[in-house]
Amino acid sequence: MGHFSSMFNGLARSFSSIRKGTSIGCDGREAADEMVKEAKRNDLILRSSGFVSVDGSKNFASVFSKRGEKGTNQDCFIVWEEFGCQEDMIFCGMFDGHGPWGHFVSKRVREWMPLSLLRNWQETLARSSLDPDINLDSDKKHQRFHMWKHSYMKTCAAVDRELEQLRKIDTFHSGTTALTIVRQGEVMYIANVGDSRAVLATTSDDGNLVAVQLTIDFKPNLPQEAERIVQCNGRVFCLNDEPGVHRIWLPEQESPGLAMSRAFGDYCVKDYGLISVPEVTQRHITSSDQFVVLATDGVWDVISNQEAVQIVSSVPDRAKAAKRLVQSAVRAWKRKRKGIATDDISAICLFLHPSSLSESVSTAK
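The structure contained in this document is the topic of the report that follows. In this text the structure is predicted, and so the values were computed from the model without any measurement.

### Describing the overall build of the protein chain
On a plain count of helices and strands, the protein chain comes out with nine helices and 17 strands. Going through the 365 residues of the protein chain one by one, you find that 54% of them count as buried. At a minimum sequence separation of 6, the contacts of the protein chain that also span at least 24 residues come to 69%. For the protein chain, the accessible area works out to roughly 16500 Å², and carbon and sulfur atoms hold 48% of it.

Spelled out as structure tokens, the structure:
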């Protein structure tokens with residue numbers, strides 16, 4: 001249990017100790033808040049277009065967002081290097097708001113979700129380390145995944161409950177998706193609520209770079225999603241002027257017309273099949289895996305997985321990778337969707353291995 005004990009000790013800079021039977025909720029909140037303050041002081045948190053590169057880190061994250069033609073940019077994101085004061089961890093999150101207040105909802109979830117996840121993970125790790133019936137070293141891979149999945153489930157449920165209590169933001173008719181990744185050492189934990197997508201670029205045996213989709217686009221017409229919606233008396237169909245775009249509708253009204261089957265907020269259809277339960281998966285990083293693209297549907301509506309991988313890999317300067325992908329998507333919108341207002345388009349490119357010395361110098365802050 002040495003590895004997990006040292007990890008827990010590293011997390012708990014703000015705790016003096018944790019004993020069996022001691023509540024850690026309050027301490028966990030204070031510790032997480034302190035970690036955020038420290039990360040901000042050290043420029044480890046990115047919430048605007050740019051890049052994160054920390055000396056000695058295995059990660060390099062490039063981020064870019066462009067407002068569409070529908071009004072306020074409702075996309076937002078966060079990259080948090082050394083997540084939870086752990087040198088081998090990074091948190092990436094992409095949030096795509098929708099509805100009249102979607103930009104406020106997405107930003108609120110961006111602020112709440114990393115902190116809530118961190119506190120839940122701390123608590124889960126602490127309780128596991130104190131449980132005599134759990135041998136954390138006996139099946140390290142399984143235990144780690146179970147802890148992250150449990151933490152994500154608790155976090156998403158808590159965030160959705162908090163949103164419902166808001167009085168100054170209309171979360172009844174507005175909501176947001178959330179796609180997040182935690183990289184811990186050589187493992188990635190991916191949690192998806194909505195229709196944003198994560199795609200991995202990996203080198204095949206023949207030396208070609210290929211795209212591997214890591215998440216499911218949770219659209220209402222997916223069989224398992226449609227079945228749940230119909231069982232809850234919701235409806236799924238396309239409008240005549242939007243063939244192929246399936247949306248969720250109330251039983252007797254042509255509203256709200258959500259184009260995703262999972263989201264935070266949107267309480268007007270939460271009783272009719274919309275859920276905020278994440279799909280949580282893991283991926284072990286190998287030397288063949290090069291980078292991950294997290295992007296909103298504004299990218300994937302016009303750019304294929306393989307095209308995205310090729311675009312990012314063709315950029316010599318990693319710091320400009322996300323911007324190049326977003327710009328390519330904007331051009332593709334104008335070419336493929338003439339007459340349709342461009343969506344907000346955002347991307348995170350998380351590189352999984354250190355860059356060459358020459359690139360590190362060229363992109364240094």
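From this point, the discussion proceeds with the structure in view.
### Some points on the environment of Glu111
Along the chain, the position of Glu111 falls in helix H3 (residues 102-130). Measuring from C-alpha to C-alpha, the distance between Glu111 and Phe77 comes to 9.6 Å, with 34 residues separating the pair along the chain.

### Digging into the packing of aromatic side chains
The geometry of an aromatic ring pair is captured by the separation of the ring centres together with the interplanar angle, meaning the angle of the planes. On inspection of all chains with the given rule, the structure shows nine aromatic pairs. Geometrically, the ring pair formed by Phe237 and Trp249 is stacked, given 5.0 Å between the ring centres and 15 degrees between the ring planes. Note that Phe237 is positioned in strand E11 (residues 235-237) and Trp249 in strand E12 (residues 247-249), a separation of 12 residues in sequence. On the accessibility criterion, Phe237 (23% relative accessible area) is partly exposed. With relative accessibility at 4%, the residue Trp249 sits in the buried group. Ring pairs connect the aromatic residues Phe51, Phe60, Phe291 and Phe351, which therefore count as one cluster. Of note, Arg262 hangs over the ring of Phe218, and the distance from its end group to the ring centre comes to 3.9 Å.

### Considerations on the nonpolar core
The biggest cluster of nonpolar side chains holds 63 residues, and the ones touching the most others in it are Val79, Trp80, Phe83 and Val292. Per-element tally for this core: the top contributor is H3, with eight residues. Residue contacts for Phe83: discarding those within four places in its chain leaves Met89, Ile90, Phe91, Pro114, Leu117, Leu118, Trp148 and Val182. Membership of the second largest hydrophobic core comes to 29 residues, among which are Phe60, Phe64, Ala332 and Ala347.

### Comments concerning the sheet that holds E11
The sheet built from three strands is open, its strands ordered E11-E12-E13 with antiparallel pairing. Strand pairing shows two members of the sheet lacking a second neighbour, E11 and strand E13 (256-258), which therefore form its edges. When strand polarity is set aside, the average angle formed by the axes of neighbouring strands in this sheet is 35 degrees. Across two bridges, the pairing between E12 and E13 is antiparallel. Across the sheet, Trp249 pairs through a bridge with Pro256, a residue of E13.

### Side note on the side chain of Asp217
As for its position among the elements, Asp217 is in the loop between strand E10 (209-213) and helix H5 (223-231). A polar contact is formed between the side chain of Asp217 and the side chain of Arg197, at a distance of 2.5 Å.

### Overview of the pairing of strand E2 (residues 50-53)
Sheet topology places E2 next to strand E3 (residues 60-66); four bridges connect them, and they run antiparallel. Considered in E3, the bridge of Phe51 is made with Ser62. Here E2 folds back onto E3, and the loop between the two strands holds six residues, one of which, Gly56, carries a positive phi near 85 degrees.

### Thoughts on the packing of helix H7 (residues 305-313) against helix H8 (residues 321-336)
Between H7 and H8, whose axes approach to 9 Å, the crossing angle comes to 135 degrees. Classified by the angle between their axes, H7 and H8 sit oblique to one another. Here H7 runs over H8; the crossing is right-handed. For the pair H7 and H8, contact is made by Glu307, Ala308, Ile311 and Val312 and by Ala321, Arg324, Leu325, Ser328 and Lys336, respectively. Among the residues making up the contact of H7 with H8, the classes are represented as five nonpolar, one polar and three charged.

### A look at the sheet that holds strand E16 (residues 289-295)
Strand pairing within a sheet occurs via backbone hydrogen bonds; the two strands may be parallel or antiparallel. With antiparallel pairing, the six strands of this open sheet are ordered in space as E2-E3-E17-E16-E9-E10. Because the sheet does not close on itself, it has two edges, and the strands there are E2 and E10. With direction set aside, neighbouring strand axes in the sheet form an average angle of 20 degrees.

### Observations concerning H8
Here H8 contains 16 residues, and its C-alpha end-to-end distance of 22 Å stays within 8% of the 22 Å for a straight helix at 1.5 Å per residue. What H8 keeps buried is the set Ala321, Ala322, Leu325, Val326, Ser328, Ala329, Val330, Ala332 and Trp333. Of the surrounding secondary structure, the elements contacted by the buried residues of H8 are E3, E16, helix H6 (297-300), H7 and strand E17 (345-351).

### Here we look at the environment of Lys219
Looking at where Lys219 falls in the secondary structure, it is placed in the loop between E10 and H5. Judged by its relative accessible area of 22%, Lys219 falls in the partly exposed class. In sequence terms Lys219 and Leu258 are 39 residues apart; their C-alpha atoms lie 9.1 Å from each other. If we ignore the near neighbours within four places in the chain, the residues touching Lys219 are Asp195, Glu225, Ala259, Ser261 and Asp297. Looking at Lys219, its side chain comes within polar contact range of the side chain of Asp195, at 2.9 Å.

### A few points about a positive patch on the surface
Residues Lys320, Lys323, Arg324, Arg331, Arg335 and Lys336 make up a contiguous surface patch of positive charge. The residue Lys320 is located in the loop between H7 and H8 in this model.

Rules behind the numbers
Residues numbered from 1 in each chain as written. Predicted model: local features only at pLDDT ≥ 70, side-chain atom pairs only at ≥ 80, totals over all residues. Heavy atoms only, no water. Helix = DSSP H or I, 4+ residues; strand = E, 2+ residues; numbered from the N terminus. Buried < 20%, exposed > 50% of the residue type's maximum accessible area, 1.4 Å probe, protein only. Contact = heavy atoms within 4.5 Å. Areas by Shrake-Rupley, 256 points an atom, 1.4 Å probe, with all protein chains shown as cover. Phe/Tyr/Trp six-rings, centres within 6.5 Å; stacked < 30°, edge-to-face > 60°. Lys NZ or Arg CZ within 6 Å of the ring centre and 35° of its normal. Core = buried A, V, L, I, M, F, W, Y, C linked by side-chain atoms within 4.5 Å. Pairing = 2+ DSSP bridges. Axes fitted to C-alpha atoms, helices over the stretch in contact; angles between N-to-C directions. Polar contact = N/O pair within 3.5 Å; in protein donor to acceptor, adjacent residues only side chain to side chain. Parallel < 35°, antiparallel > 145°, perpendicular 65-115°, else oblique. Left-handed = near helix turned anticlockwise from the far one by under 90°. Nonpolar A, V, L, I, M, F, W, Y, C, P; charged D, E, K, R; others polar. Expected span 1.5 Å × (residues − 1). Patch = residues over 30% accessible without salt bridge, like charges linked within 9 Å, V, L, I, M, F, W, Y side chains within 5 Å. Salt bridge = Lys/Arg side-chain N within 4 Å of Asp/Glu carboxyl O. Lys, Arg positive; Asp, Glu negative; His and termini not counted. Charge placed at Lys NZ, Arg CZ, Asp CG, Glu CD.

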